[in-house]
Amino acid sequence: MSSEPTEVHHAEGDHGDTMTRGRIIKVALILSAITCVEFFIALYMVPNGHMPINVANPVYIVLTLFKAFYIVAFFMHLKFEKVGLVYSILVPILFIIGLILVLTNESHHWITLRL
Amino acid sequence: MSATVTQIDELKTTPWSGGRSPFNVEYGKMMMWFFLLSDAFTFSSLLISYGALRFSASTWPIASEVFQSVPGTSIEHGAPLVFVGLMTFILILSSVTMVLAVEAGHRMARKEVVWWMIATVIGGFMFLGCQALEWNHLHSEGFWWSAIPNAETLKEFFDPKNLPALAQQQMTAHQFANLFFTITGFHGFHVFSGVIINIIITLNVLAGTYEKRGSYLMIEKVGLYWHFVDLVWVFVFTFFYLV
């Protein structure tokens with residue numbers, strides 16, 4: 001994601017830079033590979049005690065975010081859109097992060113309310 | 001006016017100087033993006049509520065115990081993640097065929113677009129079929145909206161070494177059931193409407209609508225929706241089946 005919304009960037013980057021078949025296959029393989037790593041952790045490493053569950057959970061979330069990046073950037077083509085569009089889609093995601101922070105914090109208080 | 005280019009004229013070439021869209025994207029496609037953003041808010045609210053309820057619960061049904069069968073076969077135990085893994089790969093693959101349809105559309109290759117779209121629709125139906133089996137299996141165990149299995153079945157879903165009290169098991173199982181069916185149901189509804197939209201667009205391609213229009217941009221727009229459905233599944237998969 002480049003942050004220079006100039007005409008130069010437009011002329012050089014956007015038109016030639018798009019999803020070719022080779023790139024589609026590559027992204028598909030990356031997504032499958034990440035999913036396989038998740039399975040490996042869930043089916044082998046955690047049950048056999050190679051990785052505690054409180055380490056595995058953040059790893060799952062990071063891997064999920066990687067997958068989300070590849071889907072949005074390449075399959076949904078957002079990486080190759082104009083920077084204005086990219087920001088108008090990505091910046092509102094801050095609201096979601098805000099809700100995550102507020103509600104995870106809040107939920108820790110619900111525990112005491114329930115007892 | 002003189003022919004010399006002043007500083008002011010230079011500025012007018014920036015994307016925001018007016019006269020053309022700074023986003024350089026067709027109206028319908030931009031609106032699809034904003035619709036998907038609002039849909040992302042909806043799904044996030046559901047998933048964050050799930051997270052908050054789960055954080056505030058002292059216990060929760062173990063995913064590898066609840067989802068350890070392969071519905072539609074005789075495998076009832078000991079195969080956690082196998083079935084949902086199949087569903088995940090089906091959805092990723094149908095996303096790949098969708099992006100291949102978009103790529104074919106850029107080359108105006110009508111036949112290829114049709115075949116890739118048909119493959120995408122088949123992938124969508126396969127996913128929906130799997131989800132129906134999964135729901136049916138959970139329902140046969142006793143799970144449904146505000147319905148949970150009897151105490152005998154229920155205790156299999158919790159850690160036997162540290163078994164919570166029955167009332168706690170029942171409370172979290174209720175929450176689990178409601179959240180699971182609501183969230184996967186809302187996602188499944190999106191898959192279903194995506195399949196319907198894909199079928200309509202495929203019929204349009206066959207009828208030559210986009211050939212006449214001179215652009216297969218419509219494939220890109222429905223493609224965005226379809227990839228979004230895949231994107232949501234990635235999160236649902238992690239938070240219901242892995243964590």
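Note that this is a predicted model, so its numbers are computed, not measured.

1. Side note on the nonpolar core
Core analysis: the biggest nonpolar cluster contains 70 residues, and B:A101, B:V113 and B:I219 have the highest contact counts within it. Contributing elements (two or more residues each) for this core: helix 2 (21-45) and helix 3 (53-75) of chain A together with helix 2 (27-55), helix 4 (82-106), helix 5 (110-141), helix 7 (166-207) and helix 9 (217-242) of chain B. Considering each element in turn, this core owes the most residues, 17 residues, to helix 9 of chain B. Discounting residues that sit within four places of it in the chain, B:I219 has contacts with B:A101, B:V102, B:G105, B:V113 and B:I201.

2. Some details on the interface of chain A and chain B
Facing the 40 residues of chain A at the interface are 34 residues of chain B. With eleven residues, the single largest contributor to the side of chain A that touches chain B is helix 5 (residues 93-114) of chain A. Of the residues contributing to the side of chain A that touches chain B, the split by class is 24 nonpolar, eight polar and eight charged.

3. Considerations on the UniProt feature "transmembrane region" (unreviewed entry) in chain A
Residue and element names in this part refer to chain A. Taking the UniProt record as the reference, the feature "transmembrane region" (unreviewed entry) is found at residues 27-46, 58-78 and 85-104. What you have in residues 27-46 is 95% helix and 0% strand, and the ends, taken at the C-alpha atoms, are 27 Å apart. Strand forms 0% of residues 58-78 and helix 86%; the C-alpha atoms that close the span are 26 Å apart.

4. Quick look at the UniProt feature "transmembrane region" (unreviewed entry) in chain B
All names here are of chain B. With numbering matched to this structure, UniProt assigns "transmembrane region" (unreviewed entry) to residues 30-53, 81-102, 114-135, 189-210 and 222-242. Within residues 189-210, the helical portion is 95% and the strand portion 0%, while the C-alpha atoms at the span's ends are 27 Å from each other. Between the end C-alpha atoms of residues 222-242 there is a gap of 29 Å, over a span that is 100% helix and 0% strand.

5. Digging into the environment of B:G188
Take B:G188: it is sitting in helix 7. For the pair B:G188 and B:A132, spaced 56 residues apart in the sequence, the C-alpha separation amounts to 9.3 Å.

6. Considering helix 5 of chain B
All names here are of chain B. Helix length check: helix 5 (32 residues) gives 47 Å between terminal C-alpha atoms against 46 Å at 1.5 Å per residue, within 8%. Among the residues of helix 5, those classed as buried are V113, W116, M117, T120, V121, G123, G124, F127, E134 and L138. Contacts from the buried residues of helix 5 go to helix 4, helix 7 and helix 9. Looking one or two residues past helix 5, G142 carries a phi angle of roughly 120°, positive in sign.

7. Side note on unusual backbone geometry
Residues and elements named next belong to chain B. Even without a glycine there, the phi angle at N24 is positive, about 50°. With respect to the helices and strands, N24 occurs in the loop between helix 1 (7-11) and helix 2. In this model, S146 sits at a positive phi of 45°, which is unusual for a non-glycine residue. On the secondary structure map, S146 appears in the loop between helix 5 and helix 6 (151-154).

8. What to know about helix 2 of chain B
An α-helical segment advances 3.6 residues per turn. Residues three or four places apart therefore align on the same side. Relative to the 42 Å expected for 29 residues at 1.5 Å per residue, helix 2 of chain B spans 41 Å between its end C-alpha atoms, a close match to the ideal helical length. For helix 2 of chain B, the set of buried residues is B:M32, B:W33, B:L36, B:A40, B:L47, B:Y50 and B:A52. If you follow the buried residues of helix 2 of chain B, they end up packed against helix 4 (83-90) and helix 5 of chain A together with helix 7 and helix 9 of chain B.

9. Brief notes about the packing of helix 4 of chain B against helix 5 of chain B
All names here are of chain B. Axis separation between helix 4 and helix 5 bottoms out at 8 Å; the angle between their running directions is 160°. With respect to helix 5, the element helix 4 is oriented roughly antiparallel. The way helix 4 lies across helix 5 gives a crossing that is left-handed. Its residues assigned to classes, the contact of helix 4 with helix 5 comprises 17 nonpolar, seven polar and two charged.

10. Things to note about the environment of B:G105
Residues and elements named next belong to chain B. Along the chain, G105 turns up in helix 4. Taking the C-alpha atoms as reference, G105 lies 36 Å from L81; in sequence the two are 24 residues apart. Not counting residues within four places of it along the chain, the set of residues in contact with G105 comprises V113, Y216 and I219.

Calculation rules
Residues numbered from 1 in each chain as written. Chains lettered and ligands numbered in written order. Predicted model: local features only at pLDDT ≥ 70, side-chain atom pairs only at ≥ 80, totals over all residues. Core = buried A, V, L, I, M, F, W, Y, C linked by C-beta atoms within 7 Å. Buried ≥ 20, exposed ≤ 12 C-beta atoms within 10 Å, placed from the backbone. Helix = DSSP H or I, 4+ residues; strand = E, 2+ residues; numbered from the N terminus. Contact = placed C-beta atoms within 7 Å. Nonpolar A, V, L, I, M, F, W, Y, C, P; charged D, E, K, R; others polar. UniProt positions renumbered as here; feature names shortened; annotations may be inferred. Expected span 1.5 Å × (residues − 1). Axes fitted to C-alpha atoms, helices over the stretch in contact; angles between N-to-C directions. Parallel < 35°, antiparallel > 145°, perpendicular 65-115°, else oblique. Left-handed = near helix turned anticlockwise from the far one by under 90°.

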